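As a plain string of letters, each chain reads:
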Amino acid sequence: MISMLTSDAGASILADLNEPQRRAVTHRDGPLLVLAGAGSGKTRVITRRAAYLVHTGVPARNILAITFTNKAADEMRRRIETLGVERGMWIHTFHALGARLLREFGSLVRVEPGFTIYDEADQLRVLKEAMDLCSVSPQFHRPEAMQARISQAKNRLESPGDCAERAENFEQRSLARVYEAYKELLEQRNAVDFDDLLTRVAVLLRQHPEITERLNARFRYVLIDEYQDTNHAQYLIARYLSQHHRNICATGDPDQSIYGWRGADIGNILEFERDYPDAVVVRLEQNYRSTPDILRAASKLISANRRRKRKDLWTDNRPGVPVRVWSFAEGRQESKRIAETIAALRGDGRPYSDMAVFYRINAISRELEDALRQRGIPYQIARGVEFYGRKEIKDVLAYLRVLVNPRDEIALLRIINVPARGIGKTTLGRLRRAAEQSEQRLMDVLRRADEVPTLKVTAAVRVRKFVALLDELKNLVKGPVADAVGKVLALSGLEAALKEERESGGEDRLANVQELVTAAAGYDEETEEPTLLDFLQRVALTNEQDAVDESAGCVLLMTLHAAKGLEFPVVFMVGLEQGTLPHERVLADERDIEEERRLCFVGITRAQESLYMTHAQQRLLRGKRVPRCASQFLHELPDDATVWEQFEPPARDAAGESPEAQDGFVPLDDQLPPEEICPPSRRARTRRLAPVEDEPCFSPDDPTGVAATPVTHSPYADWKPGTLVEHEQYGVGQIVWVRPSPGQSRALIRFAGYGEKTFVLEKTPVRRLQRR
DNA sequence: AGCAAGATGCTTTTT
DNA sequence: GCATCTTGCT
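Treat the numbers as computed from the prediction; the structure is a model and nothing was measured.

A. A look at the packing of aromatic side chains. Inspection of every chain in the model, using the stated rule, returns 12 aromatic pairs. Pairing Trp326 with Phe328 gives two aromatic rings, centres 6.2 Å apart and planes at 85°, and the pair type is edge-to-face. Assigned by exposure class, Trp326 and Phe328 land together as buried. Judged by centre distance (5.3 Å) and plane angle (55°), the ring pair of Tyr523 and Phe535 falls under tilted. With Tyr523 in helix α25 (residues 509–526) and Phe535 in helix α26 (residues 532–541), the pair connects residues that are 12 residues apart, well separated along the chain. The same class applies to Tyr523 as to Phe535, namely buried. Pairwise contacts between aromatic rings join Trp326, Phe328, Phe572, Tyr612 and Phe647 into one cluster. It is Arg103 that lies over the ring of Phe115; its NZ or CZ is 3.7 Å from the centre. When the ring centre of Tyr276 is taken as reference, the NZ or CZ atom of Arg239 above it lies at 5.2 Å.

B. The arrangement of the protein's contact with DNA strand C in detail. Taken together, the residues surrounding DNA strand C are Arg366, Arg622 and Gly623. Among atoms of DNA strand C positioned within 4 Å of the protein, sugar and phosphate together represent 58%.

C. Main features of the pairing of strand β6 (residues 221–224). Burial along β6 is two-sided: Tyr221 and Leu223 facing one way and Val222 and Ile224 facing the other are all buried. Relative to strand β7 (residues 248–252), β6 runs parallel, the two sharing 3 bridges. Directly across from Val222, in β7, lies its bridge partner Ile248.

D. Representation of the layout of surface pockets within the structure. Here the second largest pocket defines a volume of roughly 1800 Å³. When residues of the lining of the second largest pocket are traced back to their parent elements, those giving at least two are α4 (70–82), β3 (90–93), α5 (94–105), α25 and α26. A per-class count over the lining of the second largest pocket returns 15 nonpolar, 9 polar and 16 charged.

E. Looking closely at the protein's contact with DNA strand B. Around DNA strand B sit 33 residues in total, of which Arg360, Gly424, Lys425, Thr559 and Arg585 are the nearest. Measuring from a phosphate oxygen of DNA strand B, one finds a backbone N or O atom of Asn70 at 2.9 Å. Leu541 places a main-chain nitrogen or oxygen 3.4 Å from a sugar or linking oxygen of DNA strand B. Looking at the surface near DNA strand B residue by residue, the classes come out as 9 nonpolar, 14 polar and 10 charged.

F. Looking closely at the side chain of Thr26. Counting through the fold element by element, Thr26 comes out in helix α2 (residues 19–26). A polar side-chain atom of Thr26 sits 2.8 Å from the main-chain carbonyl oxygen of Arg22.

G. Representation of the sheet that holds β3. Taken in spatial order, the 6 strands of this open sheet run β3-β2-β6-β7-β1-β8, and their pairing is parallel. Each edge of the open sheet carries a strand with a single partner, namely β3 and β8 (280–284). With direction set aside, neighbouring strand axes in the sheet form an average angle of 15°. Looking at chain direction, strand β2 (residues 63–67) and β3 are connected through 4 bridges and run parallel. Looking at β3, one finds that Leu64 is bridged to Trp90.

H. The pattern of salt bridges, seen in detail. Summed over the entire model, instances satisfying the criterion amount to 54 salt bridges. Here Arg308 and Asp255 are joined by a salt bridge, their closest N and O atoms 2.8 Å apart. Taken together, the residues span a long stretch of sequence, with Arg308 in the loop between α15 (292–302) and β10 (314–315) and Asp255 in the loop between β7 and α13 (267–270) at a distance of 53 residues. As far as burial versus exposure is concerned, Arg308 and Asp255 are alike and both buried. In this structure, Arg619 and Glu577 form a salt bridge, with 2.6 Å as the shortest nitrogen-oxygen distance. One end of the pair, Arg619, is in strand β17 (residues 618–621); the other, Glu577, is in the loop between β15 (568–573) and α28 (590–604), with 42 residues separating them in the sequence.

I. Here's a closer look at the nonpolar core. Core analysis: the largest hydrophobic core is formed by 51 residues, its most contacted members being Leu446, Phe466, Leu470 and Phe535. Once residues lying within four places of it in the same chain are set aside, the contact partners of Leu470 are Tyr399, Val402, Leu403, Leu412, Ile415 and Met443. Within the second largest apolar cluster, 47 residues are counted, among which are Val201, Leu205, Phe272 and Ala279.

J. Highlighting the packing of helix α22 (residues 457–476) against helix α23 (residues 481–492). With their axes 10 Å apart at the nearest point, α22 and α23 run at an angle of 155° to one another. Considering their axes alone, α22 and α23 lie roughly antiparallel with respect to each other. Crossing angle aside, the handedness with which α22 passes α23 is right-handed. Residues Leu469, Glu472, Leu473 and Leu476 of α22 form the contact with α23, whose own contacting residues are Lys487, Val488, Leu491 and Ser492. Residue classes in the contact of α22 with α23 are distributed as 5 nonpolar, 1 polar and 2 charged.

Reading the values: rules and limits
- Residues numbered from 1 in each chain as written.
- Chains lettered and ligands numbered in written order.
- Predicted model: local features only at pLDDT ≥ 70, side-chain atom pairs only at ≥ 80, totals over all residues.
- Heavy atoms only, no water.
- Phe/Tyr/Trp six-rings, centres within 6.5 Å; stacked < 30°, edge-to-face > 60°.
- Buried < 20%, exposed > 50% of the residue type's maximum accessible area, 1.4 Å probe, protein only.
- Helix = DSSP H or I, 4+ residues; strand = E, 2+ residues; numbered from the N terminus.
- Lys NZ or Arg CZ within 6 Å of the ring centre and 35° of its normal.
- Near = heavy atom within 4 Å.
- Pairing = 2+ DSSP bridges.
- 1 Å grid on protein atoms, 1.4 Å probe; cavity = no way out; pocket = protein on both sides within 12 Å on 5 of 7 lines; lining within 4 Å.
- Points joined across faces, edges and corners; volume = space filled by probe spheres on them.
- Nonpolar A, V, L, I, M, F, W, Y, C, P; charged D, E, K, R; others polar.
- Polar contact = N/O pair within 3.5 Å; in protein donor to acceptor, adjacent residues only side chain to side chain.
- Axes fitted to C-alpha atoms, helices over the stretch in contact; angles between N-to-C directions.
- Salt bridge = Lys/Arg side-chain N within 4 Å of Asp/Glu carboxyl O.
- Core = buried A, V, L, I, M, F, W, Y, C linked by side-chain atoms within 4.5 Å.
- Contact = heavy atoms within 4.5 Å.
- Parallel < 35°, antiparallel > 145°, perpendicular 65-115°, else oblique.
- Left-handed = near helix turned anticlockwise from the far one by under 90°.

The following block contains the structure:
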């Protein structure tokens with residue numbers, strides 16, 4: 001094999017690879033599945049493989065590499081260039097690939113080349129409009145829920161017609177109608193949503209074999225990363241694009257599939273070998289990232305999942321310290337201790353950028369931020385929205401969008417009175433009604449505002465001025481994008497309005513907008529043929545996550561989802577409690593629990609040297625103090641790789657001051673059977689770190705042992721904290737604790753609208769909701 | 001037209 | 001607890 005490589009760069013392609021890695025890199029033709037365990041050098045394999053193909057004679061332009069994030073795509077591009085591969089390879093995210101293909105072939109599936117990409121907020125607006133048209137009240141159907149269901153339907157490639165046919169009840173029929181209207185509205189505006197970028201392409205490839213064949217002729221090799229996260233549409237695209245040569249290389253790790261809730265189908269990777277019976281499968285099981293203890297903890301945890309492929313991760317890395325599992329009485333204590341630990345580690349010479357804190361839900365970050373700020377620890381939060389989500393930025397972008405696509409009504413409505421130019425609700429309502437009645441586009445009606453009979457003369461004049469502004473801008477925006485943005489700012493009056501806001505002591509939004517100009521200038525510079533259209537597409541498909549700077553000298557805070565693909569020497573995973581991880585919304589479904597377990601697995605496997613996993617026995621959530629119990633996943637970790645430490649609540653003040661005043665800890669209600677809040681399994685090994693002044697009711701040594709009574713005969717024996725139940729009067733609720741007892745089983749149940757109530761189960765009209 | 005006080009409703013979010 | 005949207009008022 002090596003003899004096939006001629007250049008020095010070629011030789012370096014196979015340097016420092018282990019045997020399975022080498023097999024994956026040098027595999028030539030036919031389907032290949034690389035099952036890459038966490039930290040097993042997957043990125044290295046993919047990039048080397050792409051480079052290897054080129055060095056053995058495959059022209060770069062015949063290779064298509066698909067990733068899920070821009071960051072991954074950029075990284076890959078960078079690495080491949082370092083390996084001396086010429087340009088011409090297609091390296092894109094699925095969505096960018098979709099956009100590129102739709103620009104070229106979209107008209108075959110009712111998408112015209114200048115189409116606009118709607119982000120989630122835009123989508124929601126269109127959807128609300130669609131619901132309005134269908135007289136479906138947002139009171140009864142949450143638009144967000146509808147959006148999710150439409151998205152699901154799309155990704156299954158179901159048309160509104162399919163949905164209507166399949167509809168069995170009123171609800172589903174409403175959905176089909178709204179979906180239809182939504183689709184119609186998008187088409188009228190020549191706009192697509194994120195899903196369309198995938199599903200339209202899938203439909204295109206299915207309906208037009210000649211195009212599929214053409215693309216196959218070009219893409220002789222197709223590489224897909226993070227295959228475990230593909231949804232059905234992406235799966236089809238990958239299949240169609242590789243159907244001729246069958247040189248499909250999928251890499252991924254089923255144990256890291258964490259986007260099932262967004263339609264990703266773990267089955268795609270699990271059943272790859274069924275789809276491609278001749279597939280060569282390479283397993284990368286040597287981990288180069290973590291200590292043996294961390295790895296053992298991760299492996300043991302994930303082995304509880306049924307829906308997976310067996311994998312034996314191992315490492316040659318030197319032994320380190322065991323995983324620390326920390327129990328706190330209260331959430332604030334947890335944050336405080338973590339901040340202290342971070343400060344201490346820093347004191348020992350560990351840079352802040354070596355450390356990261358992960359949590360399941362964003363709500364937990366606030367407490368942490370407070371604690372970090374108090375200690376003066378610099379941190380950075382990786383959040384989704386931010387820059388391009390800002391109002392002023394969206395305003396400017398809306399101008400650009402209208403210039404590119406006058407049919408983009410969402411953008412048009414956004415800017416028509418921004419800055420205020422006296423075209424208010426009334427005028428707008430009249431214009432829209434006129435458009436509807438004459439079945440014209442809103443833009444065309446604006447052009448003929450004089451002819452709208454319901455409009456007052458002053459209003460018509462203002463509209464005319466607005467149209468003139470757009471026309472003028474349109475003539476000016478031919479050149480570089482940065483210039484276009486500048487002209488929009490100057491001529492629209494936005495700049496003046498923002499200046500005034502700043503002068504009058506408001507926020508400096510102008511600075512943000514100027515940042516956009518800078519971004520546009522950067523784009524102009526690095527792009528060969530800068531166009532407004534392309535710039536807007538980039539903005540739509542870019543996300544702030546890409547801007548996370550891992551070397552900024554800060555501690556990084558992020559959700560577990562955001563952590564995927566990253567690694568840190570020191571990792572803290574916080575808030576590991578039933579109801580948070582696994583999240584309460586999924587407790588009823590075993591399959592969903594498995595995804596939560598994978599999420600936990602992803603978190604653990606990010607850690608290189610030390611890992612801290614923490615939970616609290618009570619925590620402020622949505623403004624309420626709620627009792628919590630340790631995540632079941634903590635109990636699934638192996639004993640010989642973990643050390644459990646319990647931090648006692650701060651002692652009660654001798655003067656009798658209430659504990660709330662000190663650290664927010666409230667002794668749990670006496671009624672609570674302690675064993676249900678914190679299961680007893682770990683007690684024997686729990687080490688106390690603080691002297692116990694005041695025995696809390698979950699004391700490890702409490703011998704009263706209510707739960708010691710065998711309860712296996714109780715019909716409620718398998719009711720656990722987190723179990724979902726339905727009460728005749730209060731609706732669906734969740735068990736906080738339960739104590740089975742003959743004829744007298746008590747449970748505390750938390751209901752959505754009614755708070756928490758204690759019941760004697762035998763005397764209460766409450767039933768368990770079935771597990772799927 | 002614009003603001004301010006109430007009502008609501010809250011996992012995760014590669015694109 | 002908070003942010004976001006709606007409603008009602010001026």
